[in-house]
Amino acid sequence: MKVEFDRETCIGMFQCVDEWDTFEKNLDDGKADLPGAEEVEEDVFVLEVPEDEEFDAKFSARVCPVDAIRIYDDDGEQLI
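Definitions and cut-offs
- Per-chain numbering applies: the sequence of each chain, read as written, is numbered from 1 onward.
- It should be noted that, the model being predicted, local features are given only for residues of pLDDT at least 70 and side-chain atom pairs only at 80 or more, the latter also being counted only at that level, while totals for whole chains, interfaces and linings use all residues.
- Side-chain calculation: all heavy atoms of the structure are included, whereas hydrogens and water are not.
- Secondary structure elements are defined from DSSP: runs of H or I of at least 4 residues count as helices, runs of E of at least 2 residues count as strands, and each element is numbered from the N terminus.
- Whether a residue is buried, partly exposed or exposed follows from its accessible area with a 1.4 Å probe, protein chains only, as a fraction of its type maximum: under 20%, in between, or over 50%, in that order.
- Whenever two N or O atoms come within 3.5 Å, that pair is a polar contact, provided that in protein one can donate a hydrogen and the other can accept it, and provided that, for residues adjacent in sequence, both atoms are side-chain atoms.
- Throughout, a residue-residue contact means that at least one pair of heavy atoms, one from each residue, lies within 4.5 Å.
- What goes into a patch is any residue over 30% in relative accessible area without a salt bridge, connected to like charges within 9 Å or, for nonpolar side chains (Val, Leu, Ile, Met, Phe, Trp, Tyr), within 5 Å.
- Values of accessible area rely on a 1.4 Å probe in the Shrake-Rupley scheme; residue burial ignores everything except the protein chains shown.
- We count a salt bridge whenever a side-chain nitrogen from Lys or Arg sits within 4 Å of a carboxyl oxygen from Asp or Glu.
- Positive charges come from Lys and Arg, negative ones from Asp and Glu, while His and the chain ends are left out of the count.
- Where a charge sits is defined by one atom per residue type, namely NZ (Lys), CZ (Arg), CG (Asp) or CD (Glu).

Student: I tried to follow the side chain of Glu4 on my own but got confused; where do I start?
Tutor: Topologically, Glu4 is positioned in strand β1 (residues 2-6). A relative accessible area of 18% means that Glu4 is categorised as buried. Separated by 2.6 Å, the side chains of Glu4 and Arg70 make a polar contact. Setting aside its immediate chain neighbours within four residues, Glu4 contacts Val44, Phe45, Val46, Ala68, Ile69, Arg70 and Tyr72.

Student: Would you mind showing me how to read unusual backbone geometry here?
Tutor: Most peptide bonds take the trans form, and the phi angle of most residues other than glycine is negative. A positive phi angle is found at Asp43, which is not glycine, with a value near 65°. Along the chain, Asp43 turns up in the loop between β4 (38-41) and β5 (44-48). Phi at Asp67 is positive, roughly 55°, even though this residue is not glycine. Take Asp67: it is sitting in the loop between α2 (54-63) and β6 (69-72).

Student: Mind showing me how you'd approach the environment of Leu79 here?
Tutor: Within the secondary structure, Leu79 is located in the segment after β6. The sequence separation of Leu79 and Ala61 amounts to 18 residues, and the corresponding C-alpha distance is 9.8 Å. Filtering out sequence-adjacent residues up to four positions away, Leu79 remains in contact with Met1, Lys58, Ile71, Tyr72 and Asp73.

Student: Explain the environment of Tyr72 here, please?
Tutor: With respect to the helices, strands and loops of the structure, Tyr72 is situated in strand β6. For Tyr72 and Lys2, which are 70 residues apart along the polypeptide, the C-alpha to C-alpha distance reads 5.2 Å. Apart from the residues within four sequence positions on either side, Tyr72 is in contact with Met1, Lys2, Glu4, Glu77, Gln78 and Leu79.

Student: Honestly, a negative patch on the surface in this entry has me stumped. Any pointers?
Tutor: Together, Asp18, Glu19, Asp21, Glu48, Glu51, Asp52, Asp56, Asp74, Asp75 and Glu77 make up a negatively charged patch on the protein surface. Among the structural elements, Glu77 can be located in the segment after β6. For Glu77, a relative accessible area of 52% translates into the label exposed.

Structure follows, in structure tokens:
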């Protein structure tokens, strides 16, 4: 499972940070960061989700008020 994070879309509500410890607050930019993620295009980051963190990753995507977080299964199908 992979998470895709569109940092440009992020508005800094930090609900994702509350739901999944992998996200971090960046108070200087007023947006979340996804450390360890690969930037696949400008301000779009992708990270492989560890199996034991899949529930939290999914929940972080569900609570994002601007849908800046998407979850894909191993076949590339969007789950959230």
